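Chain by chain, the residues run as shown.
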Amino acid sequence: MAKHILKPLFDNLLTVAIALVLALFIRTFLVQTFWIPSGSMLDTLWVDDHLLVSKCAYDVRLPSDIRLDTTGGKVLMKTGDPERGDIIVFKFPEDETKDFIKRIIGLPGETLEVRDKVVYINGRPLEEPYARHTKSDTLPVRDNFGPVVIPQDRYFVMGDNRESSYDSRWWGPVKRSKIVGKALLIYWSWGSLTDIRFDRIGTLLN
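Since we're looking at a predicted model, the values are computed, not measured.

Digging into the overall build of the chain
Turning to step 1, where the next piece is worked out: Check the secondary structure of the chain and you find two helices and 14 strands.
Turning to step 2, where the next piece is worked out: Partitioning the intrachain contacts of the chain with sequence separation of at least 6 by distance along the chain shows that 57% fall at a separation of at least 24.

Here it is in structure tokens:
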């Protein structure tokens with residue numbers, strides 16, 4: 001009798017354990033969720049959009065600490081290179097306990113300059129259909145910046161909402177090793193219980 005009782009219980013516990021291990025593996029190496037707390041990426045990303053972020057878009061890494069955070073960990077396999085236009089999640093250089101999200105604008109070795117709100121790469125204006133400008137005035141750093149040469153293994157990032165984004169214009173390019181992953185899609189979006197944005201759910205990014 002005891003055997004008939006214990007076997008289903010053991011099978012259920014084993015199923016739960018396997019599910020937890022798989023979830024931990026996926027969370028550590030493959031996919032992470034991210035919530036948009038500010039309007040720095042408007043109109044591409046809205047406040048309270050929830051994203052899926054690929055952690056293996058560029059590298060497969062070992063965890064770097066006991067929290068199983070792979071950012072900065074040993075690279076097991078390189079799977080690609082960050083490209084201009086990619087929306088990435090990364091460790092905020094001024095406080096690495098925080099994750100930030102911005103768009104890659106400049107690549108390693110390129111000369112980047114902002115003149116009167118227009119971004120120039122190697123002397124040529126960059127086409128940016130995603131960029132949003134809400135203010136007509138011009139300010140140093142925000143609207144006139146550089147030129148600077150982007151160091152190797154680093155990426156210059158900016159928010160799409162240019163007048164409301166704290167980004168590489170102030171604190172410099174992001175190290176590749178500090179990139180958490182590439183934003184893939186919006187899996188949930190809402191302003192409140194009565195404001196679920198069904199038209200945004202499932203939107204692919206980049």
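Looking at the pairing of strand β8 (residues 118-121)
Turning to step 1, where the next piece is worked out: Where strand β7 (residues 111-115) and β8 come together, four bridges link them in antiparallel fashion. Counterpart to Arg115 in the pairing with β8 is Val118.
Turning to step 2, where the next piece is worked out: Hairpin geometry of β7 and β8 is characterised by an intervening segment of two residues between the two adjacent antiparallel strands and by a positive phi of about 50 degrees at Asp116.
Turning to step 3, where the next piece is worked out: Relative to strand β9 (residues 124-125), β8 runs antiparallel, the two being bridged by two bridges. Bridge pairing links Ile121 to Arg124 in β9.
Turning to step 4, where the next piece is worked out: Adjacent in sequence and paired antiparallel, β8 and β9 are bridged by two residues, among which Asn122 carries a positive phi angle near 50 degrees.

As for unusual backbone geometry
Turning to step 1, where the next piece is worked out: Note the cis peptide between Leu42 and Asp43, where omega equals 0 degrees.
Turning to step 2, where the next piece is worked out: On the secondary structure map, Asp43 appears in the loop between β1 (31-35) and β2 (49-54).
Turning to step 3, where the next piece is worked out: Even without being a glycine, Asp48 presents a positive backbone phi close to 75 degrees.
Turning to step 4, where the next piece is worked out: Tracing the backbone shows Asp48 in the loop between β1 and β2.
Turning to step 5, where the next piece is worked out: Positioned with a positive phi, Asp116 is a non-glycine residue whose angle comes to about 50 degrees.

What about the nonpolar core?
Turning to step 1, where the next piece is worked out: In this structure, Phe34, Leu45, Leu51, Ile87, Ile101 and Leu205 are the most contacted members of the largest nonpolar core, which totals 13 residues.
Turning to step 2, where the next piece is worked out: Of all the elements in the fold, those that place two or more residues in this core are β2, β5 (87-91) and β13 (179-192).
Turning to step 3, where the next piece is worked out: Sort the elements by how many residues they give to this core and β13 lands first, with three residues.
Turning to step 4, where the next piece is worked out: Setting aside anything within four residues of it in sequence, one finds Leu45 in contact with Ile36, Leu51, Ile87, Ile101, Ile186, Arg200 and Leu205.
Turning to step 5, where the next piece is worked out: One finds Ile105, Ile121, Leu126 and Phe156 within the second-largest nonpolar core, a separate group that totals eleven residues.

Points about the sheet that holds strand β10 (residues 145-149)
Hydrogen bonding along the main chain pairs the strands of a sheet, whether they run parallel or antiparallel.
Turning to step 1, where the next piece is worked out: One open sheet accounts for four strands, arranged β9-β8-β7-β10; its pairing is antiparallel. The sheet terminates laterally at β9 and β10, the two strands that pair on one side only.

A word on the packing of aromatic side chains
Turning to step 1, where the next piece is worked out: In total, this model carries eight aromatic pairs according to the counting rule given.
Turning to step 2, where the next piece is worked out: Ring geometry for Phe90 against Trp171: centres 5.9 Å apart, planes inclined by 50 degrees, an arrangement best described as tilted. Placement of the pair is Phe90 in strand β5 and Trp171 in helix α2 (residues 168-171), with a sequence separation of 81 residues.
Turning to step 3, where the next piece is worked out: Three or more aromatic residues joined by ring pairs make a cluster, and in this case those are Phe90, Phe92, Phe100, Tyr166, Trp170 and Trp171.

Remarks on the side chain of Lys117
Turning to step 1, where the next piece is worked out: By secondary structure assignment, the location of Lys117 is in the loop between β7 and β8.
Turning to step 2, where the next piece is worked out: From its side chain, Lys117 meets the backbone oxygen of Lys135 in a polar contact 3.1 Å long.

Conventions we followed
- Residues numbered from 1 in each chain as written.
- Predicted model: local features only at pLDDT ≥ 70, side-chain atom pairs only at ≥ 80, totals over all residues.
- Heavy atoms only, no water.
- Helix = DSSP H or I, 4+ residues; strand = E, 2+ residues; numbered from the N terminus.
- Contact = heavy atoms within 4.5 Å.
- Pairing = 2+ DSSP bridges.
- Core = buried A, V, L, I, M, F, W, Y, C linked by side-chain atoms within 4.5 Å.
- Buried < 20%, exposed > 50% of the residue type's maximum accessible area, 1.4 Å probe, protein only.
- Phe/Tyr/Trp six-rings, centres within 6.5 Å; stacked < 30°, edge-to-face > 60°.
- Polar contact = N/O pair within 3.5 Å; in protein donor to acceptor, adjacent residues only side chain to side chain.

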